[in-house]
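Each chain is listed here by its residues.
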Amino acid sequence: MRFIDLRSDTVTHPTPAMREAMYQAEVGDDVFGEDPTVRHLEEMAAERMGKEAALFVASGTMGNLVALLTHCGRGDEVIVGDRSHTFLFEQGGMAALGGITPRPIPNQPDGTLRLEDIQDAIRSENVHFPRTRLVCLENTHNMCNGAPLTAEYTASVAQLARAYGLRIHLDGARVFNAAAALNCAVRDLVRDVDSVMFCLSKGLCAPVGSMLCGSADFIYEARRARKVLGGGMRQVGILAAAGIVALEQMTERLAEDHARARRLAEGLAEIPGVRVGPVYTNIFYFWLNDEVSISPEDFVARLKSQGVLVLGREDGRYRVVTHYWITDEDVETTIRAVRTVISGQ
Ligand code: TLP
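Below is a short write-up of the structure. (Residues numbered from 1 in each chain as written. Predicted model: local features only at pLDDT ≥ 70, side-chain atom pairs only at ≥ 80, totals over all residues. Heavy atoms only, no water.)

Our focus in this paragraph is the sheet that holds strand S8 (residues 210–214). Across the sheet, which stays open at both edges, the seven strands sit in the order S2-S8-S7-S6-S5-S3-S4 with mixed pairing between neighbours. Strands with a single pairing partner mark the edges of an open sheet, and in this sheet they are strand S2 (53–57) and strand S4 (101–105). Geometrically, the sheet is characterised by an average inter-axis angle of 20° between neighbouring strands, direction not taken into account. Relative to S4, strand S3 (residues 76–81) runs parallel, the two being bridged by five bridges. Opposite Val80, over in S4, you have Pro104 as the bridge partner. (Pairing = 2+ DSSP bridges. Helix = DSSP H or I, 4+ residues; strand = E, 2+ residues; numbered from the N terminus. Axes fitted to C-alpha atoms, helices over the stretch in contact; angles between N-to-C directions.)

A separate point is the side chain of Asn64. Among the structural elements, Asn64 can be located in helix H3 (residues 60–71). Taking the relative accessible area as the measure of exposure, Asn64 reaches 0% and is therefore buried. (Buried < 20%, exposed > 50% of the residue type's maximum accessible area, 1.4 Å probe, protein only.)

Attention shifts here to the pairing of strand S6 (residues 167–171). Most of S6 is tucked away: four of the five residues are buried. Across five bridges, strand S5 (residues 131–138) lies against S6 in parallel orientation. In the strand pairing of S6, Val135 is matched with Ile168. Handedness of the β-α-β unit built from S5, helix H7 (residues 151–163) and S6 comes out right-handed. (Right-handed = clockwise from strand over helix to strand, strands pointing away.)

In this section: the site of the ligand. Contacts to the ligand come from 15 residues, most closely from Ser8, Gly60, Thr61, His85 and Asp171. Between the ligand and Ser8, the relevant distance is 2.7 Å, taken from an oxygen atom to a side-chain nitrogen or oxygen of the residue. A distance of 2.9 Å is found between an oxygen atom of the ligand and a side-chain nitrogen or oxygen belonging to Arg174. Contact with the protein chains removes 82% of the 500 Å² of surface that the ligand exposes when unbound. A total of three residues in the shell around the ligand trace back to one element, the largest contributor, which is H3. Of the residues in the shell around the ligand, the class split is one nonpolar, eight polar and six charged. (Near = heavy atom within 4 Å. Polar contact = N/O pair within 3.5 Å; in protein donor to acceptor, adjacent residues only side chain to side chain. Areas by Shrake-Rupley, 256 points an atom, 1.4 Å probe, with all protein chains shown as cover. Nonpolar A, V, L, I, M, F, W, Y, C, P; charged D, E, K, R; others polar.)

Function cannot be read off these values alone, since they describe shape.
The structure is reproduced here in structure tokens:
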């Protein structure tokens, strides 16, 4: 049975063009800097982001951690959103491995941090305090309805951060989705950040890998941090080859995933008992009203028996993510499946 897998865009398989490129990839020892395919991918990524240099890393989590370890020393503090992936879902790696303290402040429903809240969280020089070093943003914002942050908003945070000598890191796991949603160039969205991580292995369909981009000096240090984490890989051009195809072929089509998410949300919103949150990109959330007496576990299991996979969250929301392998027909099938599960409660 083929499942309609809406749990995440991380479930995407590589395209036939990626598998072919992987098969053909020229490789070398990348720790020696001798893998031509990785070098090519790193140059492409830097160019797309408008940064001097880039580094291929194993995952988004590693890219964020490498960035934090590079920007901050032990005892430094980082201002992060309280619903950010870095704060919630990366095992507190910055603290566990880097001795860095997160300073969470409220994420607004659109994924932003209020400038006043950032300003209030910045430490003054005082022997009692850690030193604030960095502000982290997330674009698009996973837990905040997949919302995109605009270039203007990011610029306003950067202006504030710079006034206090802070740097900015962007978790841009899905920053190409943000660019598609805002109809702008991705480099405009990352122009004002010191570093950006984006994922090749989500909506862009590559099997593995993320890119960390920034200045040449930053990436030189980041390469050291990656190595100490065990992330120096050898003939990894075999994976970078898929990343090149991802950048060449997969970034311009993301609006299709967004249109399918909108259609799916519309269809679900018509089902009595279903409440749907805003749809900005390829991620959205929905809830079942109290009159629907199905437990979250049951709902997810019954949908699965209809061939549809969604993610149930602890906070009572269900998450749906559209991606390359979800067709128009899958969208209609999903709407029918949810209707069947709810009407058969
Ligand atoms: N997010 C995954 C899971 O961790 C929940 C998902 O399915 O959404 N930043 C953001 C904004 C992310 O959404 C993710 C992955 C990461 C970083 C981490 O990337 P990986 O999984 O490659 O370590």
